[in-house]
Structures are given as C-alpha cells and as structure tokens.
Amino acid sequence: MASTSHPPVACSGSLASQTSASDLLRSSRNGVCGVPLKALGRARLGSKKRDFTVSAKVRKVKKHEYPWPEDPDHNVKGGVLSHLSPFKPLKEKQKPVTLDFEKPLMDLQKKIIDVQKMANETGLDFSDQIISLENKYLQALKDLYTHLTPIQRVNIARHPNRPTFLDHVFNITEKFVELHGDRAGYDDPAIVTGLGTINGRSYMFMGHQKGRNTKENIQRNFGMPTPHGYRKALRMMYYADHHGFPIITFIDTPGAYADLKSEELGQGEAIAHNLRTMFGLKVPIISIVMGEGGSGGALAIGCANKLLMLENAVFYVASPEACAAILWKTAKASPKAAEKLKITAQELCRLQIADGSIPEPLGGAHADPYWTSQQIKIAIEESMDELTKMDTQELLRHRMLKYRKLGGFQEGVPIDPKRKVNMKKKEVPILPPGIPDVELVDEVEKLKQEILKAKESTGKIPELGLNEMIKKLRREIDFEFSEAAKAFGLEEKFAMVREEFAKTRNSNDQSIHPVLKEKLDQLKDEFNRNISAAPNYASLKNKIDMLQEMSEAQKLSEKNSKVNKLKEEINKRLKEVMNRPDLKEKFDKLKAEIESTGVSTAMDLDQGLKEKIVQLKNEMETEFAGVFESLGLNVSPTSLPEAKRKIDEFNNEITTVMEDIVSSTDLKNKIELLKIEVAKAGKTADAESKAKIQSLEQQIKQSLAQAMSFPELKEKHERLKAEIVESPEGSNGSLLADNDGFKSGVEVNVDANRSFA
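Because the structure is predicted, anything quoted here is derived from the model rather than measured.

Trainee: Would you explain the overall build of the chain in this entry?
Mentor: Of regular secondary structure, the chain possesses 27 helices and 10 strands. When each of the 757 residues of the chain is scored for burial, the buried share is 34%. A separation of at least 24 residues holds for 71% of the contacts in the chain among residues at least 6 apart in sequence.

Next up, the structure:
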C-alpha cells in the first residue's frame, strides 16, 4: 500500500487572511493540510494570486504475500483480494511460557545452555556432557508427558502459545477464503468461517479463534462467541448444506460469552438453533477439539458425525475451577474436580463420547504446530473417507445414534441415599501445617477425654476422630522434619534424591539402584546425627510422642474391633451348629432317655447311657472344631486322663532309675571329685583345672547315658508312644510333646552351690 506525505504549504497574500478553523479541518478531507476551501475554490477558477505548491511523495514497500502468493491462480488476474485473509504472521515471536509442572525440565534446559556457553567460551570439548544432559532432558520430557494428570492436560489445552484455528487451517489447506458476517449487521471475530480445499476436495471450515497475544485476544474476545458468531456459523452451515460441502468445525473456547448484551440478543436461542440445525444437515460433519471445549459454547458447533480430540484437549460441561467451587466451595480443589469430571481425550474415548484421539508431539501442540496440523489432516481424511460412503439417510441416522447412545439409565432401581448429591457433607478445609504445640496438645487431650467417655458408655473408641488426629500429626511431623532439613541446609540434597527416586519409580525397573540407596543411607545418617541440634527438636519430639500414643490407641482399637467381630462370628456359627436339626434331635432324644431313668446324678447312670453321652459330646466337639478351623483358629484338643496318667508314671520311673544310678559308688565318687575340683579352681581356673573338670563332666555324662539306655525303658517308651498316637486326642502330637524328653543326652551343670542335674 502506498503512503502519501504532505510537506507544509506556504500561503501569502489574501489567501492567508480570514481563515477559520472549520475551513482548515474541512480542507484536510481533500488531501491538503492547512489550505482553506475558499482558497482552493478560487484556485480552481484560475486566480492569479495563487503562490503555493502541493507535492506528494510515494514510498514503495514490499508487498506481503502471506498466506497467498501474488498470483495463485493464472486464470484470475490479480489473484485473491488481500482483505479476505487478514490473518498475518506475528511481527514479534511469541514469548515462551513455562507451566508449573514443566519447571524441572527448564532446569535441565538451563544446565544444557550453561554447558554449551562454557564450551564456547573456553573452547573445551563438552560434547559428552551435553549429549548426556540432552538424553536426560528427552527422557524426563517423555516421562512427564506420558504420565500427565487431568489438570495438567487442562493447563496444556489453555497454553497461550497453542496453535489456533487459523494456524491449523493454513497448514492443512491448499486454498482458504474467509467468509464474514451473519447478514444481520455484525461479524463476530471469535468465530471464523471460510471455504478451503484439502487434496482438491472443498470443505466448509468454521471454528473458534483465540488470539496469539493480548491485543489479538481482546479483538477475538478470548475465543468466546456472541450470538452473532453462532448465527454466522449457522449461515455457513446452510450454505454448505445447499452446495454439498462437508463441514469441519474446530472447537477451542472456554464457553459462550455470558455478558448482559449477549443474553439480551438471545445467546441461548442462537445455541439451541445451531444444535437443532446440525442434526438435520445432509452433509458429513467432523468436529475437532483442539484446545478446551466448554459447555454449550463448544457444543453449538460440535454436533457432528465424528468428534475427534487432540491428545491434550479437554471437553467439559463446566470448568474444573467452577466444578470445584460448586462442590467443594474452593477453586483450589480443581485437580480433584478435573479427575472426577472425566474430561480428557482418553477418558472421553473410553466413554464413547469422543470417536478418536489425535496425537500431539512431546511438549504439546505448541512444540511443533505444523506436525500437529498434519496429524489433524490425516484424521480428517480418514474420517471423511468413511462418512462419504454413506447416503443421506444413513448419515443422518449415524449422527442421531451417536448421541442417543451416550450415557445410560435404569428404571425402577431405588437410589442409594449415600449417592444423593444433597446428602453430601461439606468437607472441612485442610489447614496448613505449622500448628502451635499448645493447640495440638489441647486437641490431643480433648480426643483422649472423648475416647475415655466413649469406652465407658459404648465400649468403642471413636475411630474417625482418631484417624484424623493421626493424619494431622503426621502432616505436622513432616513439616517439622522439613524445617529441620532447611536449618541444616539439606533441603537441596533431599530434593535431588527425591527427583532421582521419582525417575526410578517412573522407569520400568522398580528396584532402587545401589548408588541411590547409598545416597539415601548417607543422607539419613547425616540427618539423624544432627537432628538433636535442630532448633525445632523439642517440638518435633513432642509431636512424635503424641503420634506414637495415638497410634497405640489406634492399634488397640483395631484389635478390639477384630476381637469383637470374631466373637460375634463364633457365637453366630456355634448357634447355627446347635440349631441343626440332626444334632438337636439327638440331644433331645438323649435328654429324654436320661429323664426316663429317674436317676439324680451322673454316677448312677448305666454304662450304655454314659457311652452315648461321650459319643454325642465327641461329635459336638468335632463340629465346634470345624467351626473354629473355618475361621482360621487352631484347636488343641485336651489330653486323655488315662494317657496323662501313664506318661506321669513313666516319668516317675525314669526319675527313680536316675537316682539309683547317681547313688552308685563309682558315679558318686566321680561327682564328689568333680565338686572338689570346681571348689579348688574357684572363679579363675587355670588351664589344667579346666581340663580336669571337663574330663570328669564327660565321664559322668557317658555313665548316665549308658545307664539310661536300658532295653526295658526303651521298650516301654515305644509302647506308650504307639498308644498315644493311636488315640484321636494324641494324633496332633500335643501329648507326645510332654514325653519327648526321653533322650540319651544328659546335661550336667555344677553351679556355685555344687548342685547338678
């Protein structure tokens, strides 16, 4: 475009007199500054008193050819009018924006730049270090972007440098002409519409357009359309339907503009009209969510046969911040809300709301906009090839069934009261750590009093209050440990170890590297050595003691709860056994027989009834044992009195034999000699005395072992053992354990009082 410059005009004579301000202003419209209209009129009449000159300087500038060349079509002279494509490249490059969760990556990037700068300044070769850092950066980038949380994807979708609708359109189309106006007196810049071609096939494009900087965002109203924008889109839908152009819509809006003027102009009516119309269009429709799709503002151009989403795009009925403010009374709970809302491309594809996810490069679409646009182009071509095979009725039915199958419902099923939204309790906000010790002690004492009162009244400890107090104490202890680490200057070391440990957990190998384990142990030892010198050591110790006390109370509560539940279960099972018809019948029959005899004591019963009682008793004990074993309890049956008596007699016989052996002259002399040697040696025995004592002890042990190996004793022991094993009560080995001490080995101990065994 040519620019015109006007040099000052020199005026003299009567032309310079009697000049009003209005004349000067009006004269500027004719391209001359400072010349009154009357003077110009006289000049045109050929007045001879004209003594001024007018000159114009035309400056030549280079014509910008973006996005069209000067002559794109040889059949059309002069090409396309430039005002049809006002979207120009930015004069200044967009400033990089780092999200909060990307800051660790920026630290690595800064290290790489520092090393490269050092290599350039010193001339040394740091290529190995640079390659290592770059590999570490790429691995960290991959780990981060393959494990994104829903709220992190929301932040990526809102990234200010994310490519806009027109960025993608100019990357995927060979030609594009923007169409303006709703034919009702307004052209909303927040929605852009136009015709374009992909591989020779014409499409109607429409989408939300955000700005690339603050100035553009204000001009585009931050991508929030007014009713005029939706009516412009509606006009283009009718146009595309009339001419048979498939429609491709791009969604990227936080929602429709909700100001007073928009509501007065019928915002809801415009959105509803679009929804109704899109279900009746006879051409294929594809919608692509490239950023955030908010509520009805996104759905107004999103009722399509295919809904595709970029990998880090989100689609929601309410933003996570709004949802958190409604449900949890604070916008800080937005991460929790984003997770519960299921708004990411992966979740929506699983729920069959979205029909496909379009991949993005690591770092988001803004890391490589052209590559992302080509992925969108591939997805459009694949989906359009599928949809163009359908006839009109099949296409309309396909669109209708897509939305009819969303969600599900059940009739006649009562709603669980716990799931009612109105019954939801308001969550108590979590206070930040750093509560004074006095307040914490008061809370603990108050909880102790509540526990004591509850135990006296119901016998149960209030678990809810106890668990909350333990969580609070743990949070306080973590805070105190952090403060102690800051005081010792170990905060950076802990952060580095924590970062390395997180990388280890994210990798496929879950085992801790020995070097990392050694670092952890060294850091732990250093911290434990200095912890007593920390300025907050007293507070930390006090809170640890309170936590230990509360934890013991919790363990006791859990133990009592388990015992009570086990008791209830045992009583329930035993009652079921006692009420069994067969056992109850036997018990009643035996009771009737006993009553018919007319005896008053059990000793007067005949042998047959006694055997029946023992048989029924054994049967019931077996049933009870089965109940206990089914609950994981071990049952140890009682020993038979007869078997116990035989074992006691056998032990007494062994004791008598040992006393006879010890009383023999030879063994008695050896024991007396041993006592004398021990008395001589005293507490500090020399080597010769120790050797004599050990020799005598060995001789005494051998004599006792030979005496205990009588054939009669061994035979009696084996016979008694066989009898116990054959009995049902002794099959588990409980009786054998009492008689397992019949061994040939004998231990002799001579203490200070000269006693021995």
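There's more to say after this.
Trainee: How should the pairing of strand 8 (residues 306-310) be read in this particular structure?
Mentor: Remark: a regular strand shows side chains that alternate across the two faces of the sheet. The buried count for strand 8 comes to five of five residues, which makes it a mostly enclosed element. In the sheet, strand 8 pairs with strand 10 (residues 356-358) via three bridges, with the strands oriented parallel. Its bridge partner lying in strand 10, Leu310 is registered against Ile358.

Trainee: Looking at this structure, I do not really get the nonpolar core. What am I missing?
Mentor: Burial of nonpolar side chains together is a common tendency in soluble globular proteins. Ranked by internal contacts, the top residues of the largest apolar core, which has 56 residues, are Phe205, Ile247, Phe250 and Ile288. For Phe205, the residues in contact, after removing those within four places along its chain, are Phe165, Val169, Ile172, Thr173, Phe176, Val192, Thr193, Gly194, Gly196, Ile198, Ile248 and Phe250. In terms of nonpolar packing, the next biggest core, distinct from the first, is built from 23 residues, Ile477, Val497, Phe527 and Met550 among them.

Trainee: Quick question: what am I supposed to make of the packing of helix 6 (residues 165-172) against helix 15 (residues 369-387) here?
Mentor: The relative placement of two packed helices is expressed as an angle between their axes plus a distance between the axes. Packing of helix 6 against helix 15 leaves a shortest axis separation of 9 Å and a crossing angle of 70°. Taken together, helix 6 and helix 15 sit at an angle that is classed as roughly perpendicular. Contact with helix 6, carried on its side by Asp167, His168, Asn171 and Ile172, involves Pro369, Tyr370, Thr372, Ser373, Gln374, Ile376, Lys377 and Ile380 of helix 15 and no other residues of that element. Tallied by class, residues from the contact of helix 6 with helix 15 come to five nonpolar, five polar and two charged.

Trainee: Just to check I follow, could you spell out the pairing of strand 7 (residues 285-294) for this structure?
Mentor: Within strand 7, 10 of the 10 residues are buried, which leaves the element mostly enclosed by the surrounding structure. With six bridges joining them, strand 6 (residues 247-253) and strand 7 adopt parallel strand pairing. Residue pairing across strands places Thr253 opposite Gly293, the latter belonging to strand 7. Relative to strand 8, strand 7 runs parallel, the two sharing four bridges. Counterpart to Ile288 in the pairing with strand 8 is Leu308. As judged from the three bridges shared by strand 7 and strand 9 (residues 314-316), these two strands associate in the parallel manner. Directly across from Gly293, in strand 9, lies its bridge partner Phe315.

Trainee: What exactly am I supposed to notice about the packing of aromatic side chains here?
Mentor: Aromatic ring pairs are defined here through the distance separating the ring centres and the angle between the ring planes. A complete count under the given rule lists eight aromatic pairs for this structure. Their ring planes at 70° and their centres at 6.3 Å tell us that Phe176 and Phe205 sit as a pair that is edge-to-face. Of this pair, Phe176 sits in strand 3 (residues 175-179) while Phe205 sits in strand 5 (residues 201-208), and the two are 29 residues apart along the sequence. By the burial criterion, Phe176 is buried, and Phe205 matches it. With 5.7 Å between their ring centres and 50° between their planes, Phe481 and Phe527 make a pair best called tilted. Placement of the pair is Phe481 in helix 18 (residues 463-488) and Phe527 in helix 20 (residues 514-530), with a sequence separation of 46 residues. For Phe481, a relative accessible area of 30% puts it in the partly exposed group. Judged by relative accessible area, Phe527 falls into the buried class, the value being 8%.

Trainee: In this structure, what is going on with the side chain of Thr226? I would like to understand it.
Mentor: Along the chain, the position of Thr226 falls in the loop between helix 7 (214-219) and helix 8 (227-243). Residue Thr226 is classed as buried on the basis of its relative accessible area of 13%. Other than its neighbours up to four places away in sequence, Thr226 contacts Tyr186, Asp188, Tyr257, Ser262 and Gln267.

Trainee: Even after reading the chapter, I still don't get the pattern of salt bridges, so can you show me in this structure?
Mentor: Charged atoms that come close allow side chains of opposite charge to pair. In the structure shown here, the tally under the stated rule is 25 salt bridges. For Glu549, the salt bridge is made with Lys448, and the minimal N-O distance between the two is 2.6 Å. Pair noted here: Glu549 is in helix 21 (residues 537-578) and Lys448 is in helix 17 (residues 437-457), with a separation of 101 residues, a long-range link. For the salt bridge of Arg580 with Asp582, the shortest nitrogen-to-oxygen distance reads 2.8 Å. By relative accessible area, Arg580 is classed as partly exposed at 27%. Residue Asp582 is classed as partly exposed on the basis of its relative accessible area of 34%. Beyond isolated ion pairs, a larger network of salt bridges with shared partners links Arg158, Lys210, Asp252, Glu292 and Glu321.

Trainee: I keep staring at unusual backbone geometry and nothing clicks. Help me out?
Mentor: Phi is positive for Ser295, which is not a glycine, with a value near 55°. Within the element layout of this structure, Ser295 appears in helix 11 (residues 295-299). What makes Ser295 partly exposed here is its relative accessible area of 38%. At Lys342, a residue that is not glycine, the phi angle is positive and equals roughly 55°. With respect to the helices and strands, the residue Lys342 is situated in the loop between helix 13 (334-341) and helix 14 (345-350). Owing to a relative accessible area of 33%, Lys342 belongs among the partly exposed residues under this scheme.

Trainee: Honestly, the environment of Met390 in this entry has me stumped. Any pointers?
Mentor: With respect to the helices and strands, the residue Met390 is situated in the loop between helix 15 and helix 16 (392-404). Sequence separation of Met390 and Val283 is 107 residues, and the distance between their C-alpha atoms is 10.0 Å. Apart from the residues within four sequence positions on either side, Met390 is in contact with Leu395 and His398.

Trainee: Would you explain helix 13 in this entry?
Mentor: The periodicity of an α-helix, 3.6 residues per turn, causes residues three or four positions apart to be oriented the same way. Listed as buried for helix 13 are Ser334, Ala337 and Ala338. The arc enclosing the buried residues of helix 13, seen along the axis, measures out at 100°, which places them on a common side. After helix 13 finishes, the residue Lys342 shows a positive phi value of roughly 55°.

Trainee: Got a minute to help me understand the environment of Ile286 in this structure?
Mentor: Mapped onto the fold, Ile286 is located in strand 7. Judged by its relative accessible area of 0%, Ile286 is buried. C-alpha separation for the pair Ile286 and Gly302, spaced 16 residues apart in sequence, amounts to 8.1 Å.

Trainee: Sorry, what's going on with helix 20 here?
Mentor: Spanning 17 residues, helix 20 covers 25 Å between terminal C-alpha atoms, matching the ideal 24 Å at 1.5 Å per step. Here helix 20 has its buried residues at Leu516, Leu523 and Phe527. The arc enclosing the buried residues of helix 20, seen along the axis, measures out at 35°, which places them on a common side. Turned more than 90 degrees away from the buried face of helix 20 sit Pro514 and Arg529, all of them exposed.

Trainee: Help me out: how do you make sense of the side chain of Thr277 in this one?
Mentor: Turning to its location among the elements, Thr277 is positioned in helix 10 (residues 267-278). Each residue touching Thr277, except ones within four places of it in the same chain, is listed here: Leu234 and Tyr238.

Conventions we followed
- Residues numbered from 1 in each chain as written.
- Predicted model: local features only at pLDDT ≥ 70, side-chain atom pairs only at ≥ 80, totals over all residues.
- Heavy atoms only, no water.
- Helix = DSSP H or I, 4+ residues; strand = E, 2+ residues; numbered from the N terminus.
- Buried < 20%, exposed > 50% of the residue type's maximum accessible area, 1.4 Å probe, protein only.
- Contact = heavy atoms within 4.5 Å.
- Pairing = 2+ DSSP bridges.
- Core = buried A, V, L, I, M, F, W, Y, C linked by side-chain atoms within 4.5 Å.
- Axes fitted to C-alpha atoms, helices over the stretch in contact; angles between N-to-C directions.
- Parallel < 35°, antiparallel > 145°, perpendicular 65-115°, else oblique.
- Nonpolar A, V, L, I, M, F, W, Y, C, P; charged D, E, K, R; others polar.
- Phe/Tyr/Trp six-rings, centres within 6.5 Å; stacked < 30°, edge-to-face > 60°.
- Salt bridge = Lys/Arg side-chain N within 4 Å of Asp/Glu carboxyl O.
- Arc of directions from axis to C-beta.
- Expected span 1.5 Å × (residues − 1).

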